[in-house]
Each structure stands twice: as structure tokens, then as C-alpha cells.
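The residues making up each chain are set out below.
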Amino acid sequence: MPADDPACLVRAAAGCISWRGMVSDPSFAPAYRLRRGAPPMLGFLYDDRPAGEHWISHFLPTATSPPLAARDRQHRHALDSRHGLALFYTPRSHAHFLVCDLVTGEHWEIRADPKCYKIIWSNLLQEMHSLRENEQISCNASVLCAKDGCDHRDCHGGPFLVALVGSDVEGDTYMNHAAVYSSATREWSDVTSVEQENVIDGTGHSAVVGNTVYAPCVEDDSVVVYNTREKKLSVIAAPLEVEDQEQQPYLDLMGLEDGMLLFASVVKPRLYLWTMEAGPRGAAGWARRRVIELGPLLPLPVLEDKSDVSAVGFAEGVCVIFLKTRVGLYTMELSPGKGKKVHRGYINKVMPYMSFYTGAWGRLPASNVASRAVVDATTI
């Protein structure tokens with residue numbers, strides 16, 4: 001029963017009484033998750049804002065059965081997805097942020113402490129004063145499981161953290177700031193600040209190793225490191241190995257692959273991948289480099305067109321990268337190297353939703369006929 005095919009559990013439960021008993025047994029779900037390793041990708045989040053209208057957060061399922069709470073959300077701006085949780089900015093709500101478990105339907109509203117406002121709405125750019133009016137934020141926001149010793153196969157209901165990393169200017173000094181919210185204490189930490197010229201990319205992907213958050217910068221390939229436990233900020237340089245500096249594109253931080261930071265860039269017709277080993281305290285070292293030919297994976301008109309192709313998302317654990325093109329969004333499996341078109345739109349950021357989705361079923365009806373089996377969609 002493939003982990004990315006939740007409907008197979010429903011079919012198994014409807015097969016006969018004994019199979020339904022197995023699937024309904026409390027010990028089945030933990031064993032099922034442990035055997036499958038990394039959680040599967042059930043779908044992905046992306047945002048859309050038609051001209052003159054409000055933000056809409058969309059969920060596009062990639063599994064056979066979408067999670068119960070996976071739906072389009074009006075006036076929501078998807079920021080991050082990790083460890084079975086999705087993080088949204090909610091500009092028209094009394095709370096600033098919303099964390100959702102799309103499988104169980106649980107959700108938590110979070111109001112930012114006023115001390116975090118300089119992180120959320122930066123004063124670096126002239127147009128930043130209109131961020132609130134445009135229902136946007138300028139910081140990089142991450143959500144992560146805070147359960148000690150968790151392998152992140154079953155994070156449902158556990159404590160979580162929301163980390164904010166941003167930049168602003170104080171006089172003539174450029175500053176990086178960070179703060180973290182704990183669902184266990186329901187409080188924000190004090191703001192950690194450091195003088196630094198690296199400006200945080202508020203729209204880029206972050207990565208998490210243990211309690212450490214890695215946020216990309218705008219104008220170079222540096223990464224700002226925020227240790228949420230020790231409340232410390234530092235900066236590391238991204239790995240760089242290129243023969244012709246003029247051909248070197250901007251490196252995008254994608255996430256983690258095999259415990260290492262993954263960076264991607266596209267110079268048609270190739271996808272370049274860099275990985276950097278990331279330690280729990282922010283130490284890093286270059287690990288390896290890969291080059292993947294896109295010719296067999298993307299349509300020829302896309303490769304011949306002058307418009308850019310760029311990496312806009314990565315599903316950790318299942319090694320699927322998302323590529324944005326002028327004709328739509330493509331997924332590419334890094335191994336064995338398969339490409340597939342999943343959306344016709346022009347999407348700038350994709351946030352894969354990873355989680356196990358198993359069902360709990362109640363007592364069987366009197367008849368043992370599979371077609372008459374009644375399935376309760378309650379999740380565990």
C-alpha cells in the first residue's frame with residue numbers, strides 16, 4: 001500500500017472484516033509510518049492574487065485522496081509547510097498567523113508581539129510602508145515541529161515553533177532580526193539582532209536542521225542562520241563551484257536533501273544542484289555538486305524559449321523538485337529523473353505538504369459486502 005495513495009487504505013478496509021480490523025487497529029498507523037520512512041507528498045500550496053483582488057492560498061493534491069482540511073483559503077498567504085504543518089499569514093484576521101494541520105484539521109491562531117513588527121514589516125525599501133495595505137510581509141517565516149526526539153513521521157498534535165527572520169535599517173546600519181514563537185508557552189521570544197549587510201529574502205524557501213533555521217538572502221548566495229534554542233544569528237556563504245563566473249546564476253535555497261542544504265539553479269538546458277552539509281549549530285561545508293540534463297524532461301519549446309526556467313520548490317524526503325516555466329509548472333524526480341506537468345499556471349513559489357494520511361474506521365455494518373462498507377473519514 002503506497003504511502004502516497006491513501007485511498008488504498010479505504011479500499012483495504014472495505015475489502016472484508018479482517019482487513020478492516022487490521023487497518024483500524026491502533027498499532028497499524030505507527031507501524032505503517034515507520035515502514036514507509038519519509039512522509040509522502042500529499043499535495044502542495046501556492047498563492048495567487050488576481051489583479052485588484054485579495055490573496056488566495058490554493059492547495060493542489062498530488063495523492064489519490066486529499067487531506068480533509070486541504071482547500072483554497074480566501075485572504076490567506078501561504079508562507080511555509082513542514083512536518084505536517086502549514087503556515088499562513090492572515091492579514092484580515094485579528095491574528096497575524098495561522099498554523100494548520102491539514103490532515104487532522106487542527107489549527108492555531110497566532111498574534112505577533114509588537115516587538116516583532118520590525119521583523120514582519122521591514123523599512124528597508126521605500127515601498128515597504130504599503131506592505132500592510134498590500135497584505136504582505138517582508139520577513140522569512142518558518143514552521144517546525146518542536147517535539148524532542150521526533151523523527152517527523154507523526155508530528156500530529158505535537159508542539160511547534162514559528163520562526164521569523166527579517167532585515168531592516170537603523171540609521172545607516174543594516175540589521176538582521178529574528179524571533180521565535182512557541183506553541184508550548186504561547187509566547188514570542190525576545191528579538192535577536194545582529195549588524196549585517198545581508199538582506200533576508202522574505203519570499204524564498206527556508207530550511208531546518210534540528211532547531212536551526214536557514215533563511216536565504218536577496219542579493220547574494222549567503223544564508224542567515226538562526227538557532228532558535230540558543231537565540232543566535234550568524235551568516236554562512238553558499239557553496240560555489242563554477243568555471244565561468246559570468247554564467248553563474250543566482251542560487252536558490254530549496255530545503256534539505258539527506259540532511260544537507262540543497263541549492264538549485266537553472267541554466268538551460270541544465271539544472272545545477274549544490275548541497276552543503278549543515279550542522280546543528282550552523283556550521284557548514286560543501287559536499288557535492290550534480291548537473292541534470294533537462295532535455296529529456298521538459299518540452300523542447302520550453303528549452304528553446306528565451307524565458308527563464310527556475311526551481312520554485314522541493315519536496316524533502318521524496319526528492320521531487322518543482323520547475324517554473326512559461327507554459328506551466330513541472331515536477332521532476334531527482335531519481336530516476338522523471339518529469340511531469342502538474343499545473344498550467346505561472347507559480348513563483350511552491351510549498352509541498354508532506355504527511356502520512358491514514359484513516360480510522362468505526363464498526364462494520366452487519367453485511368460483509370465490500371460495496372456496502374461505510375467509511376468514516378476521521379483521521380488519526
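Predicted model, so just to flag it, every value in this text is computed and none were measured.

Rules of the game
- Residues numbered from 1 in each chain as written.
- Predicted model: local features only at pLDDT ≥ 70, side-chain atom pairs only at ≥ 80, totals over all residues.
- Heavy atoms only, no water.
- Helix = DSSP H or I, 4+ residues; strand = E, 2+ residues; numbered from the N terminus.
- Buried < 20%, exposed > 50% of the residue type's maximum accessible area, 1.4 Å probe, protein only.
- Contact = heavy atoms within 4.5 Å.
- Areas by Shrake-Rupley, 256 points an atom, 1.4 Å probe, with all protein chains shown as cover.
- Phe/Tyr/Trp six-rings, centres within 6.5 Å; stacked < 30°, edge-to-face > 60°.
- Pairing = 2+ DSSP bridges.
- Axes fitted to C-alpha atoms, helices over the stretch in contact; angles between N-to-C directions.
- pLDDT = per-residue confidence, 0-100.
- Salt bridge = Lys/Arg side-chain N within 4 Å of Asp/Glu carboxyl O.
- Core = buried A, V, L, I, M, F, W, Y, C linked by side-chain atoms within 4.5 Å.

Caption draft 1: Structural context of the overall build of the protein chain. The number of helices and strands found in the protein chain is five helices and 25 strands. Here the protein chain holds 380 residues, and the buried ones make up 51% of them. Intrachain contacts of the protein chain at a sequence separation of at least 6 include 49% that bridge at least 24 residues. For the protein chain, the accessible area works out to roughly 18000 Å², and carbon and sulfur atoms hold 49% of it.

Caption draft 2: Summary view of the packing of aromatic side chains. For the structure on display, the rule yields 11 aromatic pairs. Judged by centre distance (6.1 Å) and plane angle (50°), the ring pair of Y89 and F97 falls under tilted. As far as burial versus exposure is concerned, Y89 and F97 are alike and both buried. Ring centres of Y272 and W274 lie 6.0 Å apart, and the angle between their planes is 25°; on these two criteria the pair is classed as stacked. Classification of W274 by relative accessible area gives buried; the value is 1%. These aromatic residues form a ring-pair network of at least three members: Y89, F97, Y181 and W188.

Caption draft 3: Structural detail: the sheet that holds strand β7 (residues 107-110). If you walk across this open sheet you meet the four strands as β4-β5-β6-β7, and the pairing is antiparallel. Each having just a single partner strand, β4 (77-82) and β7 make up the two edges of the open sheet. Within this sheet the neighbouring strands show an average axis-to-axis angle of 20°, counted without direction. Where strand β5 (residues 85-89) meets strand β6 (residues 97-100), four bridges bridge the pair, whose relative direction is antiparallel. In the strand pairing of β6, L87 is matched with V99.

Caption draft 4: Expanded view of the pairing of β4. Counting buried residues along β4, six of its six residues qualify, which places the element largely inside the surrounding structure. Taking the residues between adjacent antiparallel strands as the criterion, β4 and β5 are bridged by two residues, where H83 takes a positive phi near 55°.

Caption draft 5: Summary view of the confidence of the model for the protein chain. When the pLDDT values of the protein chain are averaged, the result is 82; 84% of them are 70 or greater. At the level of individual helices and strands, the protein chain shows its lowest average pLDDT in strand β20 (residues 284-293), which scores 74, and its highest in strand β11 (residues 187-188), which scores 98. Segment residues 360-380: pLDDT under 50, and 40 contacts once partners within four positions in sequence are set aside and those in other chains are kept.

Caption draft 6: Main features of the pattern of salt bridges. In this structure the tally under the stated criterion is six salt bridges. The partner of K232 in a salt bridge is E230, with the nearest N and O atoms 3.8 Å apart. The exposure class of E230 is partly exposed, given its relative accessible area of 31%.

Caption draft 7: Molecular detail of the sheet that holds strand β22 (residues 320-325). Pairing within the open sheet is antiparallel, and its four strands lie in the order β21-β22-β23-β24. The sheet is open, and its two edges are formed by β21 (310-315) and β24 (338-343), each paired on a single side. For this sheet, the mean angle separating the axes of adjacent strands, direction not counted, is 30°. Where β21 meets β22, five bridges bridge the pair, whose relative direction is antiparallel. When the bridges of β22 are listed, F314 appears paired with I321.

Caption draft 8: Up close: the environment of L329. For L329, the location among the structural elements is in strand β23 (residues 328-333). Once the C-alpha coordinates of L329 and I347 are considered, the two residues, 18 residues apart in sequence, prove to be 6.9 Å apart. Not counting residues within four places of it along the chain, the set of residues in contact with L329 comprises F44, V312, F322, L323, K324, K340, K341, V342, H343, G345, I347 and V350.

Caption draft 9: Representation of the nonpolar core within the structure. In terms of nonpolar packing, the biggest core is built from 22 residues, with F97, V162, L164 and W188 touching the most fellow members. Not counting residues within four places of it along the chain, the set of residues in contact with V162 comprises L87, V99, I110, S142, V143, A179, V180, Y181 and W188. Ranked by size, the runner-up nonpolar core spans 20 residues in total, among them M254, L303, F314 and I321.

Caption draft 10: Up close: unusual backbone geometry. A positive phi is found at H83, a non-glycine position, where the angle reads about 55°. With respect to the helices and strands, the residue H83 is situated in the loop between β4 and β5. According to the relative accessible area criterion, H83 is buried, its value standing at 19%. Of note in the backbone geometry, D258 takes a positive phi value of approximately 55° without being a glycine. Inspection of the secondary structure puts D258 in the loop between β17 (252-257) and β18 (260-267).

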